[in-house]
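So the chains spell out like this:
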Amino acid sequence: MSVRLKRVLPSSRALGVLLGVSFAVAIVLQVAFAFVSRPLVWDAAVYFGMARAFASLGASGLWESLRPPVWPFVWSVLVAFKLPVIAAKLIQASAALCLGFLAYLYARRWSEWLGVVAAVFAWFAPLIVFAPHQLLTEIPAVFFGLLALFLFVRRRPFLAGLVGGIAFLTKFPMGLVIVALGISCVIDKKWRDAVRVGVGALIPVIPYLVFNQVLYGDAIEPFIVGSRVIAEAGIWL
C-alpha cells in the first residue's frame, strides 16, 4: 500500500471504533426488527410445519420433499421446547450479525480497512437487515457458505467441505460453494485437499440421501421435484 493511500485511510483506532459502532447499530436494528410482529410468509410457515414433523417424528406438521432439511431441523428444537417464534427470529438475527464478522475476518487478509468496509456492507445490506425476520433460508445458507470459504482459506479443507455440505442442505443452490472449493483445489493441483473437501461435504449429504431413499424410494427425489418446480414456476426454494 502506498504512503499516500495510508495517509488518506483512517487509523487502526478509528477503524476499530467504526467497527464497534457499526456492530452496535446492527444489533439494535436486528433486535428491533425481530420484535416487529408480522405474519409468516408461506415458505417460513412450511419450514415450521416441517419442524413440527421432525419434532413429532411425523405424527403432526407437514412435509414438502423439495425443501432442504437443515433449517426445519433447527426449528424442530424450538418446537420441541415450545419456544415462541421470536426465538427463531433471534437465531436468524444472530446469523446475520455473524455474517458481518465473517466478512471482516475474510477481507482483513488484505487490509484492516477493507475488512471493516466488508463488515459494514454485510451488516447494513438491505437483504441482511430485513430478510432474517422473514425466517427464510437465505441468511443461514450464506452464513454457512461464507464460513466454508473462510475455513478453506485458513487451510481447513475438511471442515470447509463439512460446512459447505451443511450450506447445501440449508439451501440447495449453495452446493455451488462445494463445487468452487473443488475447482480451486484442482486449479492449484492440491489433490489431497480436494479429497478432504469432498469427504467433508459427503458427511452431512450421505445421510440425507439415505433418508430420501428410505422415505421416497429415490435418493434424489427432492432434486427432481425441485427441478420440476423451476421448470414450471421459474423459482427455487
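Residues numbered from 1 in each chain as written. Predicted model: local features only at pLDDT ≥ 70, side-chain atom pairs only at ≥ 80, totals over all residues. Heavy atoms only, no water.

Trainee: Please explain helix α6 (residues 112–124) as it appears in this structure.
Mentor: One turn of the α-helix equals 3.6 residues, which is why residues spaced by three or four share an orientation. Helix length check: α6 (13 residues) gives 19 Å between terminal C-alpha atoms against 18 Å at 1.5 Å per residue, within 8%. Looking only at α6, the buried set comprises Gly115, Val116, Ala119, Ala122 and Trp123. All buried residues of α6 project into a common sector of 130° when viewed along the axis, lining one side. On its buried side, α6 packs onto α2 (12–34), α5 (85–107) and α7 (126–130). (Helix = DSSP H or I, 4+ residues; strand = E, 2+ residues; numbered from the N terminus. Expected span 1.5 Å × (residues − 1). Buried < 20%, exposed > 50% of the residue type's maximum accessible area, 1.4 Å probe, protein only. Arc of directions from axis to C-beta. Contact = heavy atoms within 4.5 Å.)

Trainee: It is not clear to me how the confidence of the model for the protein chain should be interpreted in this structure. Could you clarify?
Mentor: In regions of low pLDDT, the predicted coordinates are not meant to be interpreted in detail. Considering every residue of the protein chain, the mean pLDDT works out to 87; 92% of them sit at 70 or more. Taking the mean pLDDT of every element in the protein chain, the minimum, 49, falls on helix α1 (residues 3–8) and the maximum, 96, on helix α9 (residues 157–170). (pLDDT = per-residue confidence, 0-100.)

Trainee: Help me out: how do you make sense of the layout of surface pockets in this one?
Mentor: The calculated volume of the largest pocket comes to roughly 160 Å³. In this structure, the largest pocket is lined by Arg109, Phe152, Val153, Arg155, Pro157, Ser184, Asp188, Lys190 and Asp193. (1 Å grid on protein atoms, 1.4 Å probe; cavity = no way out; pocket = protein on both sides within 12 Å on 5 of 7 lines; lining within 4 Å. Points joined across faces, edges and corners; volume = space filled by probe spheres on them.)

Trainee: Honestly, unusual backbone geometry in this entry has me stumped. Any pointers?
Mentor: With the exception of glycine, the majority of residues adopt a negative phi angle, and the majority of peptide bonds are in the trans configuration. A positive phi angle, close to 55°, is found at leucine 57, a residue other than glycine. Mapped onto the elements of the fold, leucine 57 is located in the loop between α3 (42–55) and α4 (70–80).

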